[in-house]
Structure formats: structure tokens, C-alpha cells
Number of protein chains: 2
Amino acid sequence: MSDDRWGLGVDIGGTKIIIAHVAEGGNVLNQKIIPTNAQQGPLGVINHVIQEAHAIQSAARNNPMSIGIGMAGQILPEGIVEFAPNLGWHHVDLKGLISEALKIPVLILNDVRAATWGEWKFGAGKGFNDIVCLMIGTGIGGGAVIGGNLMTGANNAAGELGHFPVQLNGPKCTCGNLGCLESLAAGWAIAKQAKEAILHDSNRRGVFPGSENNDIDSITAKDVLLLAGKGDQTAMLIINNAIEAIVAGCIGYANVFNPSRLIIGGGLGLALPHLIERIEKGLKERALEAASEKLKVVPANLMQNAVAIGAADFALSSRATAFS
Amino acid sequence: MSDDRWGLGVDIGGTKIIIAHVAEGGNVLNQKIIPTNAQQGPLGVINHVIQEAHAIQSAARNNPMSIGIGMAGQILPEGIVEFAPNLGWHHVDLKGLISEALKIPVLILNDVRAATWGEWKFGAGKGFNDIVCLMIGTGIGGGAVIGGNLMTGANNAAGELGHFPVQLNGPKCTCGNLGCLESLAAGWAIAKQAKEAILHDSNRRGVFPGSENNDIDSITAKDVLLLAGKGDQTAMLIINNAIEAIVAGCIGYANVFNPSRLIIGGGLGLALPHLIERIEKGLKERALEAASEKLKVVPANLMQNAVAIGAADFALSSRATAFS
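Everything numeric in this text was worked out from a predicted model, so none of it was measured.

Asks: What should I look at first to understand the overall build of chain A in this one?
Replies: Check the secondary structure of chain A and you find eleven helices and 13 strands. What you see for chain A is a C-alpha radius of gyration of 20 Å, in line with the 20 Å of a compact globule of 324 residues. With the C-alpha coordinates of chain A rotated into their principal frame, the extents come out at 60 × 50 × 30 Å. Relative to its full complement of 324 residues, chain A shows a buried share of 60%. If you take every contact in chain A between residues at least 6 apart in sequence, the share linking residues at least 24 apart comes to 61%.

Shown next as C-alpha cells:
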């Protein structure tokens, strides 16, 4: 393992793109962050990525072995972005376009799965064969490494840990199901509950930050968290219910996967008060002993570079193929 | 692959034990079924297994390569039966005792995981890299093969698919958690709901088969199923709720594992009316499209030999080690 062997890692997000020179050991030696400018459409965005990839390549002593790209959405096994809701992409041959331009092996994977791989290889899950990542933000995503292999599923779609129903006949989820973990605890679900609470009590208009001037639509989970921190009973109840749903989901994932580490990430996941302690308490009290006795709950630690590092390394680990 | 290479497969159940000569291709060429006689204690039961194993070995042309044993309970990675609730065993060194007597490599695994492996290798999941088995009986167990590997977990305890909570603050489960799939849909849970319905309505005493003479305790899920089949509204509601909980769990497992096959087994799983069709309908309407579009729900098909075949083959697949 030396710095000579390296890969490009790319994280294509809804608002920004990270393009990184990732050494084989996981270190980011150079990186560029650019705005996504999704309005330019797939070709515009991809050309921008290619241009910055060339720039990073030029600055390095030698050529990268491969490029790994993580992005939100449904990625077909052959590297086609079937649907990327953040960017409005449908059936974009991302692998083909990148492969043609860069002439190196290309691997495309879902961003949360890339982050899971990164956390397993270099971050909070390093050294363990079995880990589960739960990334809690606007939505809830996840991933698992099982016996040292990233769980990908039959259709490259495994790991949707936010879409396990934990409340029969619960609230409608964005996916169309009822009572998914995401529908109870994701950022959008917390904001939605706050909006509903305000609509049910006109005296509360203006009480939620962001809801002055009746601008209820602009309320975010962050507003609810802030208000809960100030002792507002409704906000506290909403946050507490979200945490309870997450704890229940984590008990389920401990029982199902029996991992060594349960990694909690995402902006909201890292901001919810005492979330890790609450999960650990729930596991101790209510998970199967055999499944949880050796399990530790830990925060994600690669932060904003997790996707780029994970994607680069997953490609480097000889899983990328050239010119599919 | 030839009949010359074979393994012993053993299924130690609460009431009976199956000991089988399993050829490398999964065929059972000879088998013996004996009563467990759990009251004889671990050594009595194990000696009986060893005796029958010797008998099957003597009847064969050559020696077995290995022995695989499946049984319900918590099996430590080193082959110790930490706890087997059906038999009342605590910390029994099953691998050590069998290994010493038979002088061949021994592998011990949980019975449902053994059946999952058997169904994957030779049964309803044959030919697919990713399958999930849900075995619905008195309890609900499960297992998964992911990317061609049996999911075992960090502590050999993975696959407790009956213990994912699908109803926040739902009924108390045998595991101590609330609202587990098992607490809503296992045989014991269905029987419990029927008993509660009778206790809440004294006019119903005698209506449930088995509940004549106030012998409420003897009601089983089978009684409830029979009565539902005759149109009893309460029984139908109980069965329907159980099926709805199973459907919700299956949607979750499709979203999480993205398997090619979801295999439904267990006496109750195969008896619940239209269960597979109900699950398929639920998946179509409420699972993520990417996770379920290629998924088929199928009944288990190795039946009573699944555990013995799976355990024998898992050991044969060079996963067994001698004299640990």
C-alpha cells in the first residue's frame, strides 16, 4: 500500500460535488468542491466532473487506477443512474460517459452505500466484519457490510434501512408505504409534524422559528430541534417520538444483522440529542442479548468526505471494470 | 460432485431428531428419525445422536467428510450451544463432544440458518445470490444469503427476522421487546390473541375448538386458523392482522435486502390463507420498486429435511473445522 496507488473519488450531491484524489490507504491528498448546478442537466454536470477529474489527475505524479462515484438514487448494476431524485436524472449512462472520457475503470454506487464502505474501511467501522450504517438526514438511508462484503442486493438496491415499517398503518412515507422509519424520524417527517402541529393550533403560528409571517412551509427539522432545546413541549414531543422510532429500528437491525458496530451518521443523526445513548439504552433493554452484547453504537467519522473516500476505495478494491 | 463425497446432517428439534446421509448434491440417501427425549439431558441426547450417526456411517460405502448440526437456539461461533430454549440446554459444548466421538470436522449452526442455506443451495432459492427466508411457526425465525454467503453476524446470531419491531409500543414479545413481528404473527401470538378474545367475551367459551371445558390454555394457532376458515369473525380478524404484520415485515425485508427470492416456510407460514399472494400484492403496492421489481415470493420446498440437508452441506462446503 503506497500513495502511488490511488483512485478518484466523486460525491455528486444535490448542491455540491466533491472530487478527490484518494490514496489507497484512504487519505484524501487533494480535492475540489464545486457547485452541482443541476439545472445544466446530466451532460453539463458530468462534463464539469470530467474537467475537474482531469485537473486533479494532472496535479498528481501518476494516473489513478480507477474512479468511484457515489450519488443518491437508484444505480443499476451496470452503472446507469436509473433515477436520481435530487438531480432529476432518469436513465443516465454515467459509467459509459465517464469511462469514455477518462479511460479508466469506473464504478458507480449509491452514495449511502459508498459512505458505508468508507466508514467500514477507514472510519467508525474499521476492523470489523459486520457493520450497519444508518444515515439520518432529510431522508434516512443506510448500508451494511456483512462478512466483509458490502451488501448490494440482487438489483443493486439493498440497504434502504429507512424504509422498514416500524409502525403498522403509520404515516404515509415518500415511498408510498405506511409507517416506514423514515416517515417517523427523517428530517422531512419531523418538519411535517411541526407544520401539522401549527396548523392544528393557530396560536402557535410564529412560535416555531421560521414560521413567522405564516411561512409554515419553510420550517425545517433544525427549527424543531432548536425549539425543543428551548423546552417547547410540542417540539420536544416530536423529537422524542422520532428518537423512539429510530431506537426501535436500531433494535430491529441489531436483531437482524448482529453487527459489531452500528454507525449513526447524517446531519440530523449527529444532531438529535443523546441519540447514541438512547439507542444503546434501547438495545440493552430490548434487543436480543446474543445480537447486541458485543455491539457498540458509534457516530460516523469520515464526515463530508465519506462518500468520495468510500466510492474511490470501493472502485480501487478491484471492483471497478473498464469500458462496460 | 459424486455420491462418494457425503456428509452427515443432523436436525436436533424439541421433539424429534433427524440424522441424514446427505450426498454432496443435496440428496438424502439414508436417514433416521428418533425422538429427542430431551429429559435425558444434553449427554443423553448427544450420545443417542452419536450412536445413530455411527449406524448411518456403517451403512455407507465410505466415511462422511464432515457433520453439520442444526438446532434452535444461540450457537456460539466455536460450536457451543449457549442456550437452546426448546431443550433447556445452557452452554453445552456440542461441537467438542461430537468431534471427539466421530473424529470428523463438525459444524453447528442455528436450525433456521441451516434451513436457509439448504433452501438456497438446493431448494426454493437455488441459483440466486441473494435470498431471504422467513420461517413462520410457533415463533418466527429467518435467515439470509447475501451475495452467496450465509449471513451469520458478529456473534453468530444474525437472522432473527421475527424480532424486528413493526408496531411501536405493540404487544410484548417473548424477547422482551414490544411489537416485534413475532409478537403479532407467530403461532404463539395468534393463540394468545384468541385466548384474550375468549376471556373478554365469556359467550365465546366453547366456540374456539379446543376451548371446550374452559380449557383455554390448549388453544393453538391451528384452532384459530380452522375457525377462521369457517367464517368466525374474531378468528378471521386475528388471522388477518397477523398476515398484515407479515406483509409489512416482508416489505421491510425487500427494501433492506433487495433479494431475488423471499422464501416463506414454517408450518404456519405455509398454512396461512393466500399468504404468498398477499405478500406479493403488498410488495407491488408498497415496497420500493428497485428493491422488489425482480423479487418473487415462493414457498420453502425442502420441507422436513431442510435443516439436516442445509447443515450437512454447510459443513461440507469446507466451513467445518475439526477438533476445535
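Asks: Whenever I open this one, the interface of chain A and chain B confuses me. Can you help?
Replies: Size of an interface: often given as the accessible area lost when the parts come together. Contacts between the two partners involve 44 residues from chain A, matched on the other side by 44 residues from chain B. Buried area between chain A and chain B, both sides added, is near 3600 Å², and the carbon and sulfur share of it is 61%. Looking only at chain A, the three residues that lose the most surface to chain B are Phe164(A), Leu168(A) and Val256(A), adding up to 19% of its buried area. The interface formed by chain A and chain B contains zero salt bridges. If you list the elements that add at least two residues to the side of chain A that touches chain B, you get α7 (233–257) and α10 (289–292) of chain A.

Asks: Even after reading the chapter, I still don't get the packing of aromatic side chains, so can you show me in this structure?
Replies: Any pair of aromatic rings gets described here by the distance separating the centres and the angle formed by the planes. All names here are of chain A. Evaluated as defined, the whole model comprises twelve aromatic pairs over all chains. Here Phe164 and Tyr253 contribute two aromatic rings whose centre-to-centre distance is 6.4 Å and whose plane-to-plane angle is 90°, an arrangement assigned as edge-to-face. Taken together, the residues Phe164 in the loop between β11 (149–150) and α4 (181–185) and Tyr253 in helix α7 connect sequence positions 89 residues apart. With respect to burial, Phe164 and Tyr253 carry one shared label: buried.

Asks: Honestly, the sheet that holds strand β6 (residues 81–84) of chain A in this entry has me stumped. Any pointers?
Replies: Neighbouring strands of a sheet are bound in pairs by backbone hydrogen bonds; such pairs are parallel or else antiparallel. Residues and elements named next belong to chain A. Taken together, the three strands give an open sheet; going across it, the order is β5-β6-β7, and neighbouring strands pair in antiparallel fashion. Here the strands that pair on one side only, and so sit at the sheet edges, are β5 (74–75) and β7 (89–92). Pairing geometry for β5 and β6, over two bridges, is antiparallel. Residue pairing in the sheet places Gln74 in a bridge with Phe83 of β6.

Asks: Even after reading the chapter, I still don't get the confidence of the model for chain A, so can you show me in this structure?
Replies: The predicted model of chain A has a mean per-residue pLDDT of 93, with 94% of residues at 70 or higher. The ipTM for the predicted assembly is 0.94, set against a pTM of 0.94.

Asks: So what exactly am I meant to see when it comes to helix α5 (residues 187–199) of chain A here?
Replies: A turn of α-helix holds 3.6 residues, and therefore any two residues three or four places apart point the same way. All names here are of chain A. An ideal rise of 1.5 Å per residue puts 18 Å on 13 residues; α5 measures up with 18 Å between its terminal C-alpha atoms. All of the buried residues along α5 are Gly187, Ala189, Ile190, Ala191, Ala194, Ala197 and Ile198. Along its buried surface, α5 packs onto α4, α6 (221–229), α7 and α8 (267–271).

Asks: Explain the nonpolar core to me, please; I cannot follow it from the model alone.
Replies: Soluble globular proteins tend to bury their nonpolar side chains together. Counting 104 residues, the largest nonpolar core has Phe257(A) and Phe257(B) as its most contacted members. With residues up to four places along the chain from it excluded, the contact list for Phe257(A) reads Val132(A), Ala144(A), Ile146(A), Met151(A), Leu161(A), Met151(B), Gly153(B), Ala158(B), Val256(B) and Phe257(B).

Asks: Explain the pairing of strand β9 (residues 131–136) of chain A here, please?
Replies: Along a regular strand, successive side chains alternate from one face of the sheet to the other. Residue and element names in this part refer to chain A. Here β9 lies mainly inside the structure; six of its six residues are buried. Of the strand pairs in this sheet, β9 and strand β10 (residues 140–146) are connected by six bridges, and their pairing is antiparallel. Residue pairing across strands places Leu134 opposite Gly142, the latter belonging to β10. Here five bridges tie β9 to strand β12 (residues 261–265), and the two strands are oriented parallel to one another. Residue pairing in the sheet places Leu134 in a bridge with Ile264 of β12.

Asks: What is the right way to read the pattern of salt bridges from this model?
Replies: Opposite charge on two side chains permits them to pair, given that their charged atoms come into close proximity. Residues and elements named next belong to chain A. The final tally for this structure, using the stated rule, is 18 salt bridges over all chains. A salt bridge links Arg278 to Glu244, with the shortest nitrogen-to-oxygen separation between them at 2.9 Å. Taken together, the residues span a long stretch of sequence, with Arg278 in helix α9 (residues 275–286) and Glu244 in helix α7 at a distance of 34 residues. Residue Glu244 is classed as partly exposed on the basis of its relative accessible area of 31%.

Asks: What should I look at first to understand the relation of the copies chain A and chain B in this one?
Replies: Copies of the same chain, two in number, are related to each other by a rotation about an axis and a translation along it. Here chain A sits on chain B after a turn of 180° about the axis and a move of 0.0 Å along it, with an RMSD of 0.0 Å. One copy is carried onto the other by what is essentially a two-fold rotation axis. When you check the interface residues of chain A against chain B, 100% turn up at the interface there too, and the contact is symmetric in its surfaces.

Asks: In this structure, what is going on with the pairing of β12(A)? I would like to understand it.
Replies: Residues and elements named next belong to chain A. Across the five residues that make up β12, a large majority, five, are buried. Every second residue of β12 is oriented toward a common face, with Arg261, Ile263 and Gly265 on one face and Leu262 and Ile264 on the other, all of them buried. As judged from the four bridges shared by β12 and strand β13 (residues 296–299), these two strands associate in the parallel manner. Pairing of Leu262 across the sheet is with Val297, part of β13.

Rules of the game
- As a convention, each chain's residues are numbered from 1 in the sequence order in which they are written.
- Each chain is given a letter, starting from A, and each ligand a number, starting from 1, according to the order in which they appear as written.
- Where totals are concerned, whole chains, interfaces and linings use all residues; where local detail is concerned, this predicted model gives features only for residues with pLDDT of at least 70, and gives and counts side-chain atom pairs only at 80 or more.
- The side-chain numbers reported here are obtained from all heavy atoms of the structure, hydrogens and water having been left aside.
- The way it works is that DSSP assigns letters per residue, a run of H or I at least four long becomes a helix, a run of E at least two long becomes a strand, and they are numbered from the N terminus.
- The atom set for the radius of gyration is the C-alpha atoms, and the globule formula is 2.2 Å times the number of residues raised to the power 0.38.
- Between buried and exposed lies partly exposed: a residue is buried under 20% and exposed over 50% of the maximum accessible area for its type, with that area taken using a 1.4 Å probe on protein chains only.
- Whether two residues are in contact is decided by their heavy atoms: any pair within 4.5 Å suffices.
- Here's the idea: put two parts together, see how much 1.4 Å probe accessible area each one loses, and the total over both is what we call buried area.
- Salt bridge criterion: a side-chain nitrogen from Lys or Arg within 4 Å of a carboxyl oxygen from Asp or Glu.
- For Phe, Tyr and Trp, where Trp contributes only its six-membered ring, two rings pair if their centres lie within 6.5 Å, and the inter-plane angle classes them as stacked under 30 degrees, edge-to-face over 60, or tilted in between.
- Pairing between two strands requires that DSSP report at least two bridges joining them.
- The pLDDT score gives, residue by residue, the confidence of the prediction method on a 0 to 100 scale.
- Here a helix's expected span is defined as the number of its residues, less one, multiplied by 1.5 Å.
- Among buried residues, the Ala, Val, Leu, Ile, Met, Phe, Trp, Tyr and Cys ones that are joined through side-chain atoms within 4.5 Å form a nonpolar core.
- Least-squares fitting of one copy onto the other uses the C-alpha atoms of those residues that reach a pLDDT of at least 70 in both copies.

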